Amino acid sequence: MWVPGVGLPSRLMLSALTRAGRFCILKSGAVRLMDVPAGNRRGLSDYHPHMMPSVGFGKSSSRVYRCRSETKRYITSPRAAETLVRILRGKRKSCQLFLECNPGPGILTRALLESGAKVIALESDKTFIPHLKSLGKKMNGRLEVVYCDFFKLDPRSRGILTPPIMTSDMLFQYLGIEAQPWSKGAPLKAIGILPPKNERNALWKLLHDLYSCTSVYKYGRVELNLFITEKECRESCLSFGTYTANGQLAKQKHREPLEQNLCFIQLTPHRNLFTGTLTPFNYDVFFHMLRQCFMKRSAKLIDHLHSLSPIDATHILKQIKKNKDVKVIDMYPEDFQHLFEVIECSKDDNYKWLYDDFMEDVIM
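What counts as what
- Residues numbered from 1 in each chain as written.
- Predicted model: local features only at pLDDT ≥ 70, side-chain atom pairs only at ≥ 80, totals over all residues.
- Heavy atoms only, no water.
- Helix = DSSP H or I, 4+ residues; strand = E, 2+ residues; numbered from the N terminus.
- Buried < 20%, exposed > 50% of the residue type's maximum accessible area, 1.4 Å probe, protein only.
- Contact = heavy atoms within 4.5 Å.
- Areas by Shrake-Rupley, 256 points an atom, 1.4 Å probe, with all protein chains shown as cover.
- UniProt positions renumbered as here; feature names shortened; annotations may be inferred.
- 1 Å grid on protein atoms, 1.4 Å probe; cavity = no way out; pocket = protein on both sides within 12 Å on 5 of 7 lines; lining within 4 Å.
- Polar contact = N/O pair within 3.5 Å; in protein donor to acceptor, adjacent residues only side chain to side chain.
- Expected span 1.5 Å × (residues − 1).
- Salt bridge = Lys/Arg side-chain N within 4 Å of Asp/Glu carboxyl O.
- pLDDT = per-residue confidence, 0-100.

Trainee: Teacher, can you tell me more about the overall build of the protein chain here?
Mentor: Each helix and strand counted, the protein chain has 11 helices and 11 strands in total. Buried positions account for 55% of the 364 residues belonging to the protein chain. Nonlocal contacts in the protein chain, meaning residues at least 24 apart in sequence, comprise 70% of its contacts between residues at least 6 apart. When the accessible surface of the protein chain is summed, it comes to about 17200 Å², and 51% of that surface belongs to carbon and sulfur atoms.

Trainee: How do you make sense of the UniProt feature "binding site: S-adenosyl-L-methionine" (unreviewed entry) in the protein chain when you look at a structure like this?
Mentor: Summarizing the sequence annotation, UniProt attributes the feature "binding site: S-adenosyl-L-methionine" (unreviewed entry) to Ile75, Glu123 and Asp149 in the numbering used throughout. Lining residues of the largest pocket drawn from the annotated list: Ile75 and Asp149. Inspection of the secondary structure puts isoleucine 75 in the loop between strand 5 (70-73) and helix 2 (78-89). The exposure class assigned to isoleucine 75 is buried, which follows from its relative accessible area of 10%. For aspartate 149, the location among the structural elements is in the loop between strand 8 (143-147) and helix 5 (168-175). Beyond its immediate stretch of four places on either side in the chain, aspartate 149 contacts Asn102, Ser124 and Pro164. Among the polar contacts made by the side chain of aspartate 149, one reaches the main-chain amide nitrogen of phenylalanine 151 at a distance of 3.1 Å.

Trainee: Before we go on, may I ask you to explain helix 8 (residues 283-295) in this structure?
Mentor: Each full turn of the α-helix corresponds to 3.6 residues, which orients residues three or four apart in the same direction. Taking 1.5 Å of rise per residue, the 13 residues of helix 8 would be expected to cover 18 Å, and the 19 Å separating its terminal C-alpha atoms lies within 8% of that figure. Most of helix 8 sits out of view: 11 of its 13 residues are buried. Those residues of helix 8 lying buried are Tyr283, Val285, Phe286, Phe287, His288, Met289, Leu290, Arg291, Gln292, Cys293 and Phe294.

Trainee: So what exactly am I meant to see when it comes to unusual backbone geometry here?
Mentor: Peptide bonds are mostly trans, and most non-glycine residues show a negative phi. The peptide bond linking proline 163 to proline 164 adopts the cis configuration, its omega dihedral lying at 15°. Of note, proline 164 is situated in the loop between strand 8 and helix 5. The phi torsion at aspartate 154 lies on the positive side, around 55°, for a residue other than glycine. Topologically, aspartate 154 is positioned in the loop between strand 8 and helix 5. A residue is classified by how much of its surface remains accessible, and aspartate 154, at 12% relative accessible area, is buried. For lysine 321, which is not a glycine, the phi torsion comes out positive at approximately 60°. With respect to the secondary-structure elements, lysine 321 resides in the loop between helix 10 (313-319) and helix 11 (333-344).

Trainee: I'm lost on the pattern of salt bridges in this one. Help?
Mentor: Side chains bearing opposite charge may pair, as long as their charged atoms lie close to each other. Counted under the stated rule, the structure contains 5 salt bridges. Where lysine 218 meets aspartate 169, a salt bridge forms, and the shortest distance between an N and an O atom there is 3.2 Å. Highlighted residues: lysine 218 in the loop between helix 6 (199-212) and strand 10 (223-229) and aspartate 169 in helix 5, separated in sequence by 49 residues. Residue aspartate 209 is joined to lysine 205 by a salt bridge in which the shortest nitrogen-to-oxygen separation is 2.9 Å. Of this pair, aspartate 209 and lysine 205 both sit in helix 6, 4 residues apart, roughly one helical turn. Exposure remark for lysine 205: the relative accessible area of 18% places this residue in the buried category.

Trainee: Whenever I open this one, the confidence of the model for the protein chain confuses me. Can you help?
Mentor: Regions with low pLDDT should not have their predicted coordinates read in detail. With 70% of its residues at a pLDDT of 70 or more, the protein chain has an overall mean of 76. Under a pLDDT of 50 for its full length, residues 1-68 has, in the predicted model, 223 contacts with residues more than four places off or in other chains. Every residue in residues 357-364 scores below 50 in pLDDT, and together they form 23 contacts with partners more than four places removed in sequence or on other chains.

Next comes the structure, spelled out in C-alpha cells:
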C-alpha cells in the first residue's frame, strides 16, 4: 500500500508509490536524476520517470508573475513545453484530454494543441484569459478556457463560492465530463506547477481526495503530472535521512538554493487502491495517525502512540519490531503501514484509537 503524507519527503512518498526508478530535477542549464531506492517501493500508483534535456526553468527563462499576492510559476520556454508534451503524450497519437492548471502565457497549451490533444485550460489569473481564448478560436473547439484554480477546487469551508474557486462537480458538469469507473484507465491528465507558497497542504489535500475518492477522483483515476520545488522534496528528506543501497545513513550535501529547481512527477492511482486493512471506511483514521506523528517528527514514536491509541505502546512497538527510542524520522512509509495494520487488527482492546477534536480536522 502507499503510505501518503505531506510531511513525508517527496522522495520517500514516491518510493512508497513506485517500483525502482528515478525522478528528475530541473534547473537552468542542467538536469540531474535522483535515484529512489528500490527497497522502499510498494505501489498503489504507477510512477513514470523521465530524463529531460536542459530546459529553461528558473530565473534565466521562467517568469514569475504575482496574482493576489501569490507567487506563481509558468512555463515560458517552447523547448521545455515540447519536451513535456513528448513525455505526456508518449506514443499515443489519438486525441487525449488534458486539464492544464494555470497555463499562464499558454506556451505549454499551444504545444499540447499542436500535438493533437484537447486541452481544458484552468486559469486563475484573469490577465491571461483573453490571450488563451484568442488561441482557442484557432483550434476548432479543442481548447476550453475556464476561470478556475485547480489547486483550490472543493475547499473544505464551502459557503458561497465565486470563481476562480469552485467545486469539481460544478466544473465537470459545466465541461460535460462524466464519471468513469475506477476499473478503467485515466479519464484525463492534469498538468500543473504546485503553488510554491502552499505546496505541502496542496499535496496533502490531493492525497486525501485520492483515498476518499472525492473531488477530481470522484470522476475516475485521474493522472497527475506535477512540478514541485526541490526544496520541498529535500526539506523533509533531511528530517528523515537518506539511506544508501547498503542501508547506511548518507551524508547530506548542501547546494545552491533549492527553491529554484523543480522536480517533475507523474502519479496514476492503481485500480486496487485499498488493502484488506486500509479501507474506504478507515482511511481518515490512517490520515489522522500520519498527521499526528508529523506534527512533531523529531519526537519518539512511543510518545505519539500514547495519544493515538489506548493499546499498550510498548506492545505495539514490539509487534512492528521497533525499539522504544525509535523516532518518527526513523520510520519509512512501509513502517507506517505496518503500524496502522497492527493497531487496526489488534484484538486486545475494543477501542483501538483515541478520538479527539483533531480527528475532525485531518485536512486543512
